[in-house]
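# Chains, contacts and geometry: an overview
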Amino acid sequence: MPIRFKINDVAVEAKPGEGLLDVARRNGFSIPSLCHLESVPAIGACRICLVEVRRGRRSKLTTSCNYEVLDGIEVSTDSPEIRRHRAMNLELLLARAPSSEAIRKLAAQYGVSQPRFGPIKYNPLPNCILCELCVRACTELGHHALTTVGRGDRKRIGLPFNKPADTCVGCGACASVCPTHCIPMTDTLTKRAIWGQKHDFVRCSECGAPVITKKHRDHAIATKGLPEDYYDVCQSCKQIATSQRFAAIVW
Amino acid sequence: MTSPFKNAAELEKHQKQLQGQKQLPSTIAVCTSGCVAYGANRLVDAFTKAVKSRKIGDQVRIIATGCQGFCERGPLVVVHPQEWFYEKVDGKDINDILDSALKGKVLKRLLHKDAKGKTYQKESEVPFYRNQKRLLLAQNSRIDPCSIDDYLRAGGYAALAKALTKMAPEEVIEQITASGLRGRGGGGFPAGVKWKSCRAAASKNGVRYIICNADEGDPGAFMDRALIEGNPHSVIEGMIIGAWAVGHPGKPQGFVYIRNEYPLAVERLGIALEQARAAGLLGKNILGSGLNFDIQVNRGGGAFVCGESTALMASIEGDVGRPRAKHIHTVEVGLNGKPSNLNNVETWANVPLIIDHGVKWFTKIGTGDVSDNPWGGSKGTKIFALVGKVKNTGLVEVPMGATLREIIYDIGGGIRDGKKFKAVQTGGPSGGCLPESKLDVPVDFDTLVQEGSMMGSGGMIVMDEDTCMVDVAKYFVGFLKFESCGNCTSCRDGLIRLHELLEDITTGRGSEATIQLIEDLAETVRASSLCALGTSAVNPLQSTLRYFRDEYLAHVQDQRCPAKVCKELITFTIDAKKCNGCTLCAKRCPQDTIEGKKKKPYTIIQDNCIKCGICMDVCQQDAVIVQ
Amino acid sequence: MSANPASKSQPVSALPPLSGKPMRQVGSTGPLVLLPNRCTGCRTCELACAFAHSEDGNLGLSRIRIHPAGPDRYVQVTCLQCVNAACVQVCPTQALVRNADTGAICHDENRCVGCGLCETACPFGHMHFAVEMRKPVKCDLCGGRPACAMFCPHEALEWR
């Protein structure tokens, strides 16, 4: 049985258990958000995807990412009140991550250009907004190499037990999902440095370019069932080989 | 204890037997809860030793009880059966107490004296107790919490026997609903309604969790601690009845989530659970009813937020203790994804009373009418931890609907040192501060919320004229910014920023724009945070802004702290006319910043003054002025 | 799955032959057909693709590439929308999903965590991980109106 409800007076359908934000986006409603991916559990960290949900006589503000859709609810994705609270939350985030382009842009849309708050006192990872996407992505990938440490004003993203995790494969997903790109990751030809570890790269057997970290390759071979030599050639060399193969067929 | 009770009849027989037993002529009950800080444990040891050496073990029984309530006057000792109430008992008094108990003559010098010099013999006559209605705490100064026989003798577990043999689970739920018992942890949700939905929720393998929230983290609150330390079996009995009502005939499982900072409560709860198991009151086929139920103790790691139900369940699961959205209630999907019924310690302790004495008895106490709507009123009693600038601090139990004035003045004896009352904060760090004009407000769930505060779990902090309300708001916001789980931007960063802004005000850097920003930000913190910690975190702030706005304005407009608390806004000076040059202040000044010649007026060099106020405290001439 | 056909450790001639037919039809609309013998190497397709997928026409984000294959010979390389696609197989978050209408395997930004495994897995070297964006770049057949085919002046790309 599909779930039927309304977003901004437009009737929509969803499967039971779906998140409101996902359903809204699929149906073309734009709700801003900084901490949500469909593939990781929603926790409602950034508080930007606030919407108003009316259920019967009761109406409340809630984040849409971690709201499971229900039959008959009426959702409104914009209102002066929603905009006011989104703006204030964005101001808080902008003060925390002043050099993040993504947040600056979004904040500008809500009329916030300069936060009224000074730099945050405790933020060992500059520009980190503690959305935990990195932690959740790492957990979702099965690596569990990242965690949040502490709580309240001393909360930070860190390593379990404060030491580099053996389970980290250096895939860089944490750096990829970070909305403020604040996780330091440096690649050289031979190594990738991230979270206090250096991971050896598999080098392209043709040109020597880095392809993937060895640990990531081993993890992929073990879990994804693709043969080992799928991982030895870099993307550009594979493309050249493909073009040559096509040429050989055509001419 | 004999062998486990196989059925209710055996329990009743044992109970009768206990009640028929001849008691020792005298029982001396020493509070070993909060009074431990006054050396009550040494007192118990000394009593036991004296009894042994005087070979009067067949006449006097010494028991170490839970909190007896009148903490201000500890260590407390009550002599039964006469109920003689002795306060501020010292090691020197032991033999006198024993002598008086043996002779049956009251020891006058240790009795409680009121302000007019009138003495009171019996515990129940002391004004502090007389104006209370002690139901949950009734046994606290009578029984040894480590003795199940004491509890049985006092009629304990009779409610359980009644529920298990004479009442169907649904009937129990009906009774609890009809009684209007509302959650004592702060939310005030009707317990019966919660039980009913938990019973109705689908559970694949029939597992339902019965959870007791004993993660009492409010600063200055110790209601749950007193119950577990003083009468742990009442909580256990409540939970078993809950298991019967909510989980039978499925697989109910029990948890008590208790904070590890309560070592004595953990210990006594553990002993009580062992005793209950040995008595067959926990385990398989309890009292022959077919109910299988046991309780596991989980110790919390000290995070305030774990008192929130979903965070508590996450913590039991072994996860980081942080709340999740509760759009689907925990009675349906809670601990381990199973229906979970979580109630506070005090709520559980109320259950046996209701089953035992009946709905009619219970609904007579309290406010409103709950006959068709369990939200219609607040029934029963509520325990408060009355602390702060009140004369009689301690644990008080009053019927719902008692006014703040009754609690603070009749029971609490008014404000200390003849100062003026300024505000009372109810409901722990997330409660609001109510001014004098609200003193006649009846204390119940709905009225307090209307007035911008809340019942909370029952903390009650009284403040006098020397308290700066901006400073108070800053303290609570500071506490919560540290204890927020840090998930939501609005709560985590919002509270950090609110704390900074309040800091600005208390240090004289604030302006009216600061107050405006605080108001806007507080609104966002309330509106857009996920759990109750965030949404209620701004209560102290918003309520002080509502009732004590002039104090905020004095800070920002005149750079003045009316209560003379905020260090940056006050200066200490010495009145040359009054100073006799005794040098006391100069000697005690930690900064060595008071100068002068002996017998001549001294002066404070302001540059180095850290405004600790020691000079003011030590001055015999009242020559130190704070402005 | 067989060994990587693009691995140069074996000569190209030793690789299994392609059918020579256009790509297998995987969606309800027609496939994108590459006709290298008509290609002049003008790279209009690359530019069209870049503008179709980015505001500033960043060529690095183009999903089609022209490779020289001898004098006056050029080959277009773009995604073949494989039936048993390696990228789909390795994606840990199911962020690569075939669109039922166009048959294109589309990258779902709302699911991707950017681990980069798809780039490594694609045997044809099409899947490309944009380092700046930390997201893979992949042909999505422009939702049914491939810009490359529309703009190719020599009809070397056909949308059938």
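Position labels on residues start from 1 in each chain and follow its written sequence. Ligands are numbered from 1 and chains lettered from A, in the order in which they are written. In view of the model being predicted, local features appear only for residues whose pLDDT reaches at least 70, and side-chain atom pairs are presented and counted only at 80 or more, with totals across whole chains, interfaces and linings using the full set of residues.

## Some remarks on the overall build of chain C
Assigned secondary structure in chain C consists of four helices and eight strands. Put plainly, a residue is buried at 20 or more neighbouring C-beta atoms within 10 Å of its own, exposed at 12 or fewer, and partly exposed in between, counting only other residues' C-beta atoms, which are placed from the backbone. A burial count over chain C gives 46% of its 160 residues as buried. When contacts within chain C are restricted to residue pairs at least 6 apart in sequence, those whose partners lie at least 24 apart make up 58%. Going along the chain from the N terminus, every DSSP run of H or I of four or more residues is numbered as a helix, and every run of E of two or more is numbered as a strand. What counts as a contact is two residues whose backbone-derived C-beta atoms lie within 7 Å of each other.

## Some thoughts on the overall build of chain A
In terms of regular secondary structure, chain A is built from seven helices and eleven strands. Overall size of chain A, expressed as C-alpha extent along the three principal axes, is 65 × 50 × 35 Å. The buried share among the 251 residues of chain A stands at 47%. Counting contacts in chain A only where the partners sit at least 6 residues apart, residues at least 24 apart contribute 53% of the total.

## Re the sheet that holds strand β16 (residues 433–435) of chain B
Residue and element names in this part refer to chain B. Here five strands make up an open sheet; going across it, the order is β14-β13-β17-β15-β16 and the pairing mixed. At either end of the open sheet lies a strand with only one pairing partner, and these are β14 (394–399) and β16. Shown here is a sheet whose adjacent strand axes are inclined to one another by a mean of 30°, direction ignored. Bridge count between strand β13 (residues 381–388) and strand β17 (residues 459–464): four bridges; the pairing is parallel. Bridged to V387 within β17 is I461. Only strands that DSSP links by at least two bridges are regarded as paired with each other. The angle between two axes is taken between their N-to-C directions and runs from 0 to 180 degrees, where each axis is a line fitted to C-alpha atoms and a helix contributes only its stretch in contact.

## Regarding unusual backbone geometry
A cis amide bond links G74(B) to the next residue, P75(B), at an omega of -5°. If you trace the backbone, P75(B) turns up in the loop between β2 (60–65) and β3 (77–80). Residues H248(B) and P249(B) are joined by a peptide bond in cis, for which omega reads 0°. Tracing the backbone through its elements, the reader meets P249(B) in the loop between α10 (232–247) and β8 (251–259). One non-glycine residue with positive phi stands out, namely H144(A), at about 50°. Under the C-beta neighbour-count criterion, H144(A) is labelled partly exposed, with 14 such atoms within 10 Å. The phi torsion at L141(C) lies on the positive side, around 55°, for a residue other than glycine. Examined against the element boundaries, L141(C) turns out to sit in the loop between β7 (135–137) and α4 (147–151).

## Notes on the confidence of the model for chain C
Residues and elements named next belong to chain C. Per-residue confidence from the predictor is reported as pLDDT, a score between 0 and 100. This prediction gives chain C a mean pLDDT of 80; 81% of its residues lie at or above 70. Note on residues 1–27: pLDDT under 50 across the span, and 53 contacts to partners over four residues away in sequence or across chains. In the predicted complex, the global pTM is 0.90; the interface-specific ipTM is 0.94.

## Let's talk about the domain arrangement of chain A
Residues and elements named next belong to chain A. For chain A, the assigned domains read domain 1 (3–78) and domain 2 (133–246). Those domain boundaries reflect an automatic or database domain assignment. A C-alpha centroid distance of 32 Å is found between domain 1 and domain 2. With six residues of domain 1 in contact, the opposing surface of domain 2 contributes six residues.

## Let's talk about the interface of chain B and chain A
Contacts between the two partners involve 28 residues from chain B and, on the opposite side, 25 residues from chain A. Among the secondary structure elements, those contributing two or more residues to the side of chain B that touches chain A are α17 (469–483), α18 (489–506) and α19 (512–528) of chain B. The dominant element in the side of chain B that touches chain A, judged by the number of residues it contributes, is α18(B), at seven residues. In terms of residue class, the side of chain B that touches chain A is built from 13 nonpolar, nine polar and six charged. Basically, the charged four are Asp, Glu, Lys and Arg, the nonpolar ten are Ala, Val, Leu, Ile, Met, Phe, Trp, Tyr, Cys and Pro, and anything else, Gly included, counts as polar.

## Regarding helix α7 (residues 169–179) of chain B
Residue and element names in this part refer to chain B. Burial in α7 covers these residues: P169, V172, I173, Q175, I176, A178 and S179. Looking at the buried positions of α7, the neighbouring elements they touch are α6 (158–166), α8 (191–200), α10, α13 (345–357), α14 (359–363) and β12 (377–379). Looking one or two residues past α7, G180 carries a phi angle of roughly 75°, positive in sign.

## Quick notes on the packing of α18(B) against α19(B)
Residues and elements named next belong to chain B. At a minimum axis separation of 10 Å, α18 and α19 run at an interaxial angle of 160°. With respect to α19, the element α18 is oriented roughly antiparallel. In this structure, α18 crosses over α19, and the sense of that crossing is left-handed. Facing α18, whose interface residues are S490, C491, G494, L495, R497, L498, L501, D504 and I505, α19 presents T514, L517, I518, L521, A522, T524, V525 and S528. Partitioned by chemical class, the residues of the contact of α18 with α19 number ten nonpolar, five polar and two charged. Roughly parallel here means an angle under 35 degrees, roughly antiparallel means over 145, roughly perpendicular means 65 to 115, and every remaining angle is called oblique. Handedness of each helix crossing follows the sense of rotation of the near helix against the far helix: counterclockwise by less than a right angle gives left-handed, clockwise gives right-handed.

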